[in-house]
Amino acid sequence: MQFSVLASGSSGNATYIENGEHSFLVDAGLSGRKMEELFAAIGKKMSDLDGILVTHEHSDHIKGLGIVARKHKVPIYANAKTWSAMDGLIGAVPVEQRFHFDMDTVKTFGSMDIESFAVSHDAADPMFYVFHANGRKLSLITDTGYVSDRMKGVIQASDSYVFESNHDVGMLQMGRYPWSIKRRILSDVGHVSNEDAAVAMSEVIAEKPTRIYLSHLSKDNNMKDLARMSVEQTLQSKGIITGEYVNLFDTDANIPTKLIVV
């Protein structure tokens, strides 16, 4: 199994996953043209996708969804409440391309199992996904105000993570955002801070080589080096030595990662 974080952050989100037999896109939060460019950058074609898995209906996750699905005849998977919330935002989608993926369920596509789980965000019914294939496990978790024990149980002991590390609390509090937005980001239905993300990571990492890609970093309230340092310090304070079992990476909002083997 391998994946690429094509885009991450408030400007747009999309992640590509494949296992040689099936391939999926989680979210399509950029324009159709930009999505084409991102796929070309990793040498893949959207027409080969087996489906697009939607996490929630916010624009930075569905901006190009309808265009991509119609142009390339790709099935879309989302839960019922998300379908209702985004129906007026993505244009008409043929009925044969509309599929339901319920919360807290597993769908099997050949040798790949995809597991959905709830997160805490200010959307209709937000959820993320865990991919299981060839004895490997990849967990995607962003756009959540906190990481609950239930979430931790689902993503426990993954081989690779795409994990939200959205903001530094001090930078956010001192920054230019109006208080209403700061309060939303800091709330239980907002986004996870560097420190809270690190604590959650320390509770789900197993004693085996693990790759963590810090994602959905705020352009205004975070910095790559700061996010990585905050996570490293927290993990080390809990006895987890980065570089030995855990390798930390950050995703660039505008540059897709190379295809990464899980």
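Residues numbered from 1 in each chain as written. Predicted model: local features only at pLDDT ≥ 70, side-chain atom pairs only at ≥ 80, totals over all residues. Heavy atoms only, no water.

Looking only at helices and strands, the chain has nine helices and 14 strands in total. For the chain, the spread of C-alpha atoms along the three principal axes comes to 50 × 45 × 35 Å. Counting the 262 residues in the chain, one finds 56% classified as buried. When the accessible surface of the chain is summed, it comes to about 11000 Å², and 50% of that surface belongs to carbon and sulfur atoms. Across the chain, 26 positive and 33 negative side-chain charges occur, with their mean positions spaced 5 Å apart. (Helix = DSSP H or I, 4+ residues; strand = E, 2+ residues; numbered from the N terminus. Buried < 20%, exposed > 50% of the residue type's maximum accessible area, 1.4 Å probe, protein only. Areas by Shrake-Rupley, 256 points an atom, 1.4 Å probe, with all protein chains shown as cover. Lys, Arg positive; Asp, Glu negative; His and termini not counted. Charge placed at Lys NZ, Arg CZ, Asp CG, Glu CD.)

Below, the discussion takes up the UniProt feature "domain: Metallo-beta-lactamase" (unreviewed entry) in the chain. Feature annotation in UniProt places "domain: Metallo-beta-lactamase" (unreviewed entry) on residues 11-216, given in this structure's numbering. Taken end to end, residues 11-216 comprises 30% helix and 26% strand; its first and last C-alpha atoms sit 9 Å apart. (UniProt positions renumbered as here; feature names shortened; annotations may be inferred.)

The subject of this paragraph is the sheet that holds strand 1 (residues 2-7). The sheet built from seven strands is open, its strands ordered 6-5-4-3-2-1-14 with mixed pairing. Two strands lie at the open edges of the sheet, namely strand 6 (98-100) and strand 14 (260-261), each paired on one side alone. The sheet contact formed by strand 2 (residues 14-18) and strand 3 (residues 23-26) spans four bridges and is antiparallel. Opposite Ile-17, over in strand 3, you have Phe-24 as the bridge partner. Lying on the sheet, helix 1 (residues 32-41) is in contact with strand 1, strand 2 and strand 3; it crosses strand 1 at an angle near 140°. (Pairing = 2+ DSSP bridges. Contact = heavy atoms within 4.5 Å. Axes fitted to C-alpha atoms, helices over the stretch in contact; angles between N-to-C directions.)

The subject of this paragraph is the pairing of strand 12 (residues 210-215). The element strand 12 is extensively covered by neighbouring structure, given that five of its six residues are classed as buried. Bridge count between strand 11 (residues 160-164) and strand 12: five bridges; the pairing is parallel. The partner of Tyr-161 across the bridge, within strand 12, is Ile-212. Relative to strand 13 (residues 246-250), strand 12 is paired through five bridges, and the arrangement is parallel. Residue Thr-210 lies in a different strand from strand 13, and its bridge partner there is Val-246. Handedness of the β-α-β unit built from strand 12, helix 9 (residues 224-237) and strand 13 comes out right-handed. (Right-handed = clockwise from strand over helix to strand, strands pointing away.)

Inspection of the secondary structure puts Pro-256 in the loop between strand 13 and strand 14. Along the backbone, Pro-256 and Val-68 are 188 residues apart, and their C-alpha atoms lie at a distance of 18 Å. Discounting chain neighbours no more than four positions away, the residues touching Pro-256 are Ser-4, Val-5, Leu-6, Leu-38, Ala-41 and Ile-42.

What follows concerns the packing of helix 8 (residues 194-204) against helix 9. Direction vectors running N to C along helix 8 and helix 9 enclose 40°, while the axes themselves pass 9 Å from each other. Considered as vectors, helix 8 and helix 9 are oriented oblique to each other. By crossing handedness, the relation of helix 8 to helix 9 is classed as right-handed. Residues Asn-194, Glu-195, Ala-198, Val-199, Met-201 and Ser-202 of helix 8 lie in contact with helix 9, whose contacting residues are Leu-226, Ala-227, Ser-230, Val-231, Thr-234 and Leu-235. Classifying every residue of the contact of helix 8 with helix 9 by side-chain character gives seven nonpolar, four polar and one charged. (Parallel < 35°, antiparallel > 145°, perpendicular 65-115°, else oblique. Left-handed = near helix turned anticlockwise from the far one by under 90°. Nonpolar A, V, L, I, M, F, W, Y, C, P; charged D, E, K, R; others polar.)

The next point concerns the pattern of salt bridges. Where side chains of opposite charge bring their charged atoms close, a pairing between them can arise. Applying the stated rule across the entire model yields 15 salt bridges. A salt bridge links Asp-122 to Arg-184, with the nearest nitrogen and oxygen atoms 2.6 Å apart. Taken together, the residues span a long stretch of sequence, with Asp-122 in the loop between strand 8 (112-118) and strand 9 (127-133) and Arg-184 in helix 7 (residues 179-186) at a distance of 62 residues. Here Asp-149 ties to Lys-152 by a salt bridge, and the two come within 3.8 Å at their closest N and O atoms. One end of the pair is Asp-149 and the other is Lys-152, both in helix 5 (residues 149-155) and three residues apart, which spans about a single turn. (Salt bridge = Lys/Arg side-chain N within 4 Å of Asp/Glu carboxyl O.)

Once that is clear, we can look at the side chain of Ser-165. Within the secondary structure layout, Ser-165 lies in the loop between strand 11 and helix 6 (169-174). Residues contacting Ser-165, with those up to four places away along its chain left out, are Val-192, Asn-194, Ala-197, Leu-214, Ser-215, His-216, Leu-217, Asn-222, Ala-227 and Val-231.

A few words on the sheet that holds strand 13. Pairing is mixed across the open sheet formed by seven strands, whose spatial order is 7-8-9-10-11-12-13. The sheet is open, and its two borders are formed by strand 7 (106-109) and strand 13, each paired with just one other strand. For this sheet, the mean angle separating the axes of adjacent strands, direction not counted, is 20°. Sheet strands touched by helix 9: strand 12 and strand 13. Its angle to strand 13, the strand with the most contacts, is close to 160°.

Per the counting criterion, the structure on display carries eight aromatic pairs. Arranged with centres 5.1 Å apart and planes meeting at 25°, the rings of Tyr-77 and Phe-99 form a pair that is stacked. Here the residue Tyr-77 occupies a position in strand 5 (residues 76-78), and Phe-99 occupies one in strand 6, the gap between them amounting to 22 residues. Looking at Tyr-77, the relative accessible area reads 8%, which means it is buried. Under the relative-accessibility criterion, Phe-99 is labelled partly exposed at 34%. (Phe/Tyr/Trp six-rings, centres within 6.5 Å; stacked < 30°, edge-to-face > 60°.)

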